[in-house]
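Coordinate inspection notes
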Amino acid sequence: MSEPILVAAHLRKDFRVPGGRQLRAVDDVSLTLSAGETLGVVGESGCGKSTLGRMILRLIAPSAGEIRFLGQDITHLSERALRPLRRHLQAVFQDPVSSLNPRMRVGDIIAEPLVNLGIGRADRRARVAELLEVVGLPADATGRHPHAFSGGQRQRIAIARALAASPKLIVCDEATSSLDVSVQAQILNLLSDLQARFALALFFISHNLGAVRHLAHRVAVMYLGRVVEIAPEAELFEHPHHPYTAALLAAVPAPVPDQAVPPPLRGEVPSPIEPPSGCHFHPRCARAEARCRVDAPELRPLPPSGALVRCHFPG
Ligand code: SF4
């Protein structure tokens with residue numbers, strides 16, 4: 001892989017909640033992403049993966065930490081100072097119905113980022129035609145409105161719009177989660193093709209482990225705001241080292257019947273407002289020992305594997 005285009009260091013995001021208390025949604029997360037690479041981000045609802053994605057997009061500001069994108073520190077850049085970089089930093093969200101303006105024609109939706117870049121009408125028209133072909137939509141889609149399309153086609157429109165300004169990085173937040181299984185597979189294949197063609201970096205947030213396995217080169221597993229394991233895709237899915245990763249994978253049917261699988265997840269995710277002491281995962285961990293209740297583990301390399309693991313007793 002080439003030099004990282006995104007470097008996030010010690011990111012933290014705190015929210016005030018009713019009663020004056022504080023919710024730490026993202027806690028000391030560091031990661032990198034290179035051109036042509038997909039980083040999958042997984043974890044149960046409320047683990048902080050979408051908040052992390054929104055910080056990377058600079059839709060919300062971090063409470064602490066640093067984000068470097070294309071060599072620039074963008075952590076505290078104003079929207080005006082960020083504008084030249086925005087074209088390289090795009091997003092595709094779960095629900096294309098709410099992310100596409102229903103009153104605009106598809107051609108105008110896709111061309112909007114090009115208008116913002118000051119690109120002339122003829123060049124915009126040519127680029128829209130090219131993008132429709134790239135994402136597998138008919139040329140006459142340009143004059144129609146989003147409601148005339150299926151869910152999968154609307155997601156293709158959203159992807160075409162994200163691609164319009166030739167971005168370096170696309171954050172996909174549950175981008176295939178609202179689609180039927182067969183349509184999901186088509187969109188995943190499209191993202192994979194586009195990545196190879198344009199050397200895109202993808203920050204792929206999903207609760208769907210199958211989708212992440214299909215697309216990701218590396219995977220980060222989050223639990224209560226922290227990354228608990230980050231590893232190359234094959235390593236993570238075949239040899240999960242953190243008990244939480246192993247339990248998440250155990251919830252997916254085993255590809256080989258009778259294969260030994262770790263115990264499934266016990267209990268509910270604790271409140272992020274009052275996370276458990278020590279290792280946040282200890283109340284649900286089948287491997288927990290007394291130390292785990294008082295001593296929070298660091299995210300550490302686990303040689304000779306390529307994984308970083310936050311556990312006192314990694315598997
Ligand atoms: Fe389980 Fe202890 Fe590892 Fe936490 S540190 S995941 S409680 S074994």
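Refer to the preceding data block for the structure.
Since the model is a prediction, treat every value here as computed from it, not as a measurement.

Conventions and cut-offs
Residues numbered from 1 in each chain as written. Predicted model: local features only at pLDDT ≥ 70, side-chain atom pairs only at ≥ 80, totals over all residues. Heavy atoms only, no water. Pairing = 2+ DSSP bridges. Helix = DSSP H or I, 4+ residues; strand = E, 2+ residues; numbered from the N terminus. Contact = heavy atoms within 4.5 Å. Axes fitted to C-alpha atoms, helices over the stretch in contact; angles between N-to-C directions. Near = heavy atom within 4 Å. Nonpolar A, V, L, I, M, F, W, Y, C, P; charged D, E, K, R; others polar. Core = buried A, V, L, I, M, F, W, Y, C linked by side-chain atoms within 4.5 Å. Buried < 20%, exposed > 50% of the residue type's maximum accessible area, 1.4 Å probe, protein only. Phe/Tyr/Trp six-rings, centres within 6.5 Å; stacked < 30°, edge-to-face > 60°. Polar contact = N/O pair within 3.5 Å; in protein donor to acceptor, adjacent residues only side chain to side chain. Parallel < 35°, antiparallel > 145°, perpendicular 65-115°, else oblique. Left-handed = near helix turned anticlockwise from the far one by under 90°.

**Here we look at the sheet that holds strand S6 (residues 89-92)**
Overall, mixed pairing links the eight strands, which are arranged S6-S7-S8-S3-S9-S10-S12-S11 in an open sheet. Either end of the sheet is taken by a strand with one partner, and the two such strands are S6 and strand S11 (300-301). Helix H6 (residues 151-163) rests against S6 and strand S7 (169-173) of the sheet, and its axis sits at about 175 degrees to S6. Packing against the sheet, helix H10 (residues 243-250) makes contact with strand S3 (38-42), strand S9 (218-223) and strand S10 (226-232), and its axis sits at approximately 100 degrees to S9.

**As for the sheet that holds strand S2 (residues 21-34)**
Pairing within the open sheet is antiparallel, and its four strands lie in the order S2-S1-S4-S5. Every interior strand has two partners, whereas the edge strands, S2 and strand S5 (72-73), have only one. Two strands pair when backbone bridges link them, and strand S4 (residues 64-69) and S5 are joined in this way by two bridges, in the antiparallel orientation. What sits directly across from Phe69, in S5, is Gln72.

**A word on the site of the ligand**
Close to the ligand lie 13 residues, the nearest being Cys279, Cys285, Cys292, Cys311 and His312. Among the residues making up the shell around the ligand, the classes are represented as nine nonpolar, three polar and one charged.

**Structural notes on the nonpolar core**
One broad rule of soluble globular proteins: the nonpolar side chains tend to lie buried together. Ile159 and Leu163 are the most contacted members of the largest nonpolar core, which has 59 residues in total. Those residues in contact with Leu163 that lie beyond four places of it in its chain are Arg127, Leu131, Val134, Val135, Ile170, Leu194, Phe198 and Leu200. Core analysis: the second largest hydrophobic core is formed by 31 residues, Leu33, Phe69, Ile74 and Val227 among them.

**Here's the deal with the environment of Val221**
With respect to the helices and strands, Val221 occurs in strand S9. In this view, Val221 contacts Val42, Arg226, Val227, Val228, Glu229, Leu236, Tyr244, Thr245 and Leu248; residues no more than four positions away in its chain are not counted.

**Structural notes on the packing of aromatic side chains**
Following the criterion strictly, the structure yields three aromatic pairs and no others. With a centroid separation of 5.0 Å and an interplanar angle of 80 degrees, the aromatic rings of Tyr223 and Phe281 are classed as edge-to-face. With Tyr223 in strand S9 and Phe281 in the loop between H10 and S11, this pair connects stretches of sequence that are 58 residues apart. A single burial state applies to Tyr223 and to Phe281, both of which are buried. The exposure class of Phe281 is buried, given its relative accessible area of 2%. Linked through ring pairs, Tyr223, Tyr244 and Phe281 together constitute an aromatic cluster.

**Some words on unusual backbone geometry**
Here the bond from Pro303 into Pro304 is cis, since omega is 5 degrees, no more than 30 degrees from zero. One non-glycine residue, Arg58, lies in positive phi territory at about 60 degrees. Among the structural elements, Arg58 can be located in the loop between helix H1 (49-56) and S4.

**Remarks on the side chain of His282**
With respect to the element layout, His282 can be found in the loop between H10 and S11. The class of His282 is buried, set by a relative accessible area of 14%. Polar side-chain contacts of His282 include one of 3.1 Å to the backbone oxygen of Ser277.

**Things to note about the packing of H6 against helix H7 (residues 181-198)**
Two numbers describe how H6 lies on H7: the axes approach to 10 Å, and their chain directions differ by 15 degrees. Judged by the angle between their axes, H6 and H7 are roughly parallel. Crossing of H6 over H7 shows right-handed handedness. Across the interface between the two elements, Gly152, Gln155, Arg156, Ile159 and Leu163 of H6 pack against Val183, Gln186, Ile187, Leu190, Leu191, Leu194 and Phe198 of H7. Here the contact of H6 with H7 is built from residues that sort into eight nonpolar, three polar and one charged.

**Overview of the packing of helix H4 (residues 106-116) against helix H5 (residues 121-134)**
The N-to-C vectors of H4 and H5 enclose an angle of 120 degrees; their axes lie 9 Å apart at closest approach. When the axis of H4 is compared with that of H5, the two are oblique. Here H4 runs over H5; the crossing is right-handed. Listed contacts from H5 to Val106, Gly107, Ile110, Ala111, Leu114 and Val115 of H4 are Arg124, Arg127, Val128, Leu131 and Leu132. Among the residues forming the contact of H4 with H5, the class breakdown is eight nonpolar, one polar and two charged.

Bear in mind that shape data such as this cannot, by itself, settle questions of function.
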